[in-house]
Amino acid sequence: MTDKTPAASNSMWGGRFADRPDAIMEEINASIGFDRRLAGQDIRGSQAHAAMLASVGIISADDLTAISQGLEEIGGEIERGEFVFRRDLEDIHMNIESRLREKIGDAAGRLHTARSRNDQVALDFRLWVKEQCAEAEAALSRLIEALLVQAEAGAETVMPGFTHLQVAQPVTWGHHMMAYVEMFARDRARFADARVRMDECPLGAAALAGTGFPIDRVQTADALGFARPTANSIDSVSARDFALEFLSAASICATHLSRLSEEIVIWASAQFNFITLSDKFTTGSSIMPQKKNPDAAELTRAKVGRIVGSLVTLMTVMKGLPLAYSKDMQEDKEPVFDAADALALALAAMTGMVADMQPNAPRLREAAAQGFSTATDLADWLVRELGMPFRDAHHVTGSLVKMAEDAGCDLADLSLADMQGVEARITDAVFDVLTVEASVRSRISYGGTSPERVVEAIAARRGI
């Protein structure tokens, strides 16, 4: 028997193609190596589609029973690792359909009535991405809670606030933690917002033009937990912006994770000594026994490269495609799968590190007092108490900073006589504002670093 005999024809495409696929074509065309992750979604979609077909009289009740039971059994086989995924059947859809035919016969062939692999894959992928958004939201909620615990415990712990990685003004540990709470809360909102937009069911769009069968798309949308069916059949099968939105939100979130990771790496260094991480999230060196490396933070920091790379990959795939479906879109899943895995791991690692890290309060306070961090408080005092224009107060303060720098001391260590040599109206009351504790207590504006405002922000975030 030669390759061109009917018995050797491509079973998926039937009589149109007589030759077997070339090995190279099979290699580039097959997606079962990665889209098997959509098996659960594919079975759910087929069950909903079959139930709808039966309810409108397109297939019989007996066919529905056979299809439903067969799909349940296949789902069990996949869960138990007993299912044999066949590369020659290309993708998860044909693998499941072929197995269903082996189990129930001709009824399996009726399942594909009024649908195409185009709307089938659009459905499976959209279901999967929608679930990933919900999982990211839950993971971010856990991370936010870990940060809130840190903020609550450190609401009055003074630390240096930085700009340009130079000591700028004293802040509180709690306030610094709450900055990340705000970032990750916005990330959570982005995933939730994207999930609302992708909450439309493409099943029933068929290849691109809809179908002539009297299907009920609202029924399948409801059965699959969607808010509504998609409104345009062409858009239904050609859109992947739901995946791009997921990747966009994931990329922004990963950037925030990377920034916090960078701070953890810096804080854990011997030079800073701001925090301690336990052995759970650090590793040693193969040659230097004294080393305690913050590897979990470093690896989390690196994940942003994979996730942003996945976003760029899919944007590049989609940017030049005419409507509706093109095979290029088979390249949509791997970057999304990879990004979702990387994000889930990074969120879990960061949540663990935040819960694990112990701030070194004495060292934080010491660092907060360095670098003339209360200079702005001095300038504000000159404005408030002496009625001096801020620009003049800035100049006077700069002169006093230079004096302290030359003397090798802090502002609070200057004598009153030294200060009055620059501005005669300064009184000894100025020393009340030159401690880091007084500095943070004074920052009472909404969103400020004072312990009072930090406690309020924590209560507001927890809805207390």
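Just above sits the structure.
In short, a report on the structure. Small disclaimer: the values here were computed from a predicted structure and weren't measured.

Our next topic: the overall build of the protein chain. Per the secondary structure count, the protein chain includes 19 helices and 6 strands. The C-alpha radius of gyration of the protein chain comes to 31 Å, more than 25% above the 23 Å expected for a compact globule of 464 residues. Expressed as lengths along the three principal axes of its C-alpha atoms, the size of the protein chain is roughly 105 × 55 × 40 Å. Scored against the burial criterion, the 464 residues of the protein chain give a buried share of 47%. In the protein chain, once contacts between residues fewer than 6 apart in sequence are set aside, the share between residues at least 24 apart is 73%. Surface summary for the protein chain: the accessible area is close to 22000 Å², and the carbon and sulfur share equals 53%.

Let's shift gears to the packing of aromatic side chains. In this structure the tally under the stated criterion is 9 aromatic pairs. Ring plane angle 50 degrees and centroid distance 6.3 Å describe the contact between Phe162 and Phe272, whose orientation is recorded as tilted. In this pair, Phe162 sits in strand S1 (residues 158-163) while Phe272 sits in the loop between helix H11 (241-267) and strand S5 (275-276), placing the two residues 110 residues apart along the sequence. Three or more aromatic residues joined by ring pairs form one cluster here, namely Phe125, Trp128, Phe242 and Phe337. Above the ring of Phe226, the side-chain terminus of Lys130 is found at 4.6 Å from the ring centroid. Lying across the ring of Phe125, Lys333 places its NZ or CZ 5.6 Å from the centre.

This brings us to the side chain of Thr157. Structurally, Thr157 can be placed in the loop between helix H7 (117-153) and S1. If we ignore the near neighbours within four places in the chain, the residues touching Thr157 are Val171, Thr172, Trp173, Ala361 and Leu364.

Moving on: the nonpolar core. Judged by nonpolar contacts, the single largest core of 91 residues is most densely connected at Leu147, Phe184, Phe191, Leu257, Ile264, Val336 and Leu343. For this core, the element with the highest residue contribution is H11, accounting for 15 residues. In contact with Leu343, other than residues within four places in its own chain, are Ala136, Phe191, Ala250, Cys253, Leu257 and Ile307.

On to helix H13 (residues 333-356), then. For H13, built from 24 residues, the straight-helix expectation of 34 Å at 1.5 Å per residue is met to within 8% by its first-to-last C-alpha distance of 34 Å. Of all 24 residues making up H13, 17 are buried, and the element is well covered by its neighbours.

A word on the pattern of salt bridges. With the rule as written, the count across this model stands at 35 salt bridges. Close ionic contact of Asp88 with Arg86 constitutes a salt bridge, the shortest N to O distance being 2.7 Å. With a relative accessible area of 33%, Arg86 lands in the partly exposed category. A salt bridge links Arg306 to Asp338; its shortest N-O distance comes to 2.5 Å. With a gap of 32 residues between them, Arg306 in helix H12 (residues 295-318) and Asp338 in helix H13 connect regions that are remote in the sequence. Relative accessible area serves as the criterion here: at 26%, Asp338 is assigned to the partly exposed category.

The interhelical angle for the contact between H7 and helix H8 (residues 173-197), taken along N-to-C directions, is 165 degrees, at an axis separation of 9 Å. Put simply, H7 runs roughly antiparallel to H8. Read as a crossing pair, H7 and H8 show a hand that is left-handed. The residue makeup of the contact of H7 with H8, split by class, is 18 nonpolar, 3 polar and 7 charged.

Looking now at a nonpolar patch on the surface. Together, Leu208, Ile234 and Leu323 make up an exposed nonpolar region whose accessible area comes to about 280 Å². For Ile234, the position within the fold is in helix H10 (residues 233-238). Its relative accessible area of 33% is what places Ile234 among the partly exposed residues.

Mapping Ile32 onto the fold places it in helix H2 (residues 32-35). Residues Ile32 and Arg190 lie 158 residues apart in sequence; the distance between their C-alpha atoms is 31 Å. Not counting chain neighbours up to four residues away, the residues in contact with Ile32 comprise Phe85, Arg86, Arg87, Glu90, Asp91, Ile92 and Asn95.

What counts and how
- Residues numbered from 1 in each chain as written.
- Predicted model: local features only at pLDDT ≥ 70, side-chain atom pairs only at ≥ 80, totals over all residues.
- Heavy atoms only, no water.
- Helix = DSSP H or I, 4+ residues; strand = E, 2+ residues; numbered from the N terminus.
- Rg over C-alpha atoms; globule rule 2.2 N^0.38 Å.
- Buried < 20%, exposed > 50% of the residue type's maximum accessible area, 1.4 Å probe, protein only.
- Contact = heavy atoms within 4.5 Å.
- Areas by Shrake-Rupley, 256 points an atom, 1.4 Å probe, with all protein chains shown as cover.
- Phe/Tyr/Trp six-rings, centres within 6.5 Å; stacked < 30°, edge-to-face > 60°.
- Lys NZ or Arg CZ within 6 Å of the ring centre and 35° of its normal.
- Core = buried A, V, L, I, M, F, W, Y, C linked by side-chain atoms within 4.5 Å.
- Expected span 1.5 Å × (residues − 1).
- Salt bridge = Lys/Arg side-chain N within 4 Å of Asp/Glu carboxyl O.
- Axes fitted to C-alpha atoms, helices over the stretch in contact; angles between N-to-C directions.
- Parallel < 35°, antiparallel > 145°, perpendicular 65-115°, else oblique.
- Left-handed = near helix turned anticlockwise from the far one by under 90°.
- Nonpolar A, V, L, I, M, F, W, Y, C, P; charged D, E, K, R; others polar.
- Patch = residues over 30% accessible without salt bridge, like charges linked within 9 Å, V, L, I, M, F, W, Y side chains within 5 Å.

Taken by themselves, the reported measurements are silent on function.
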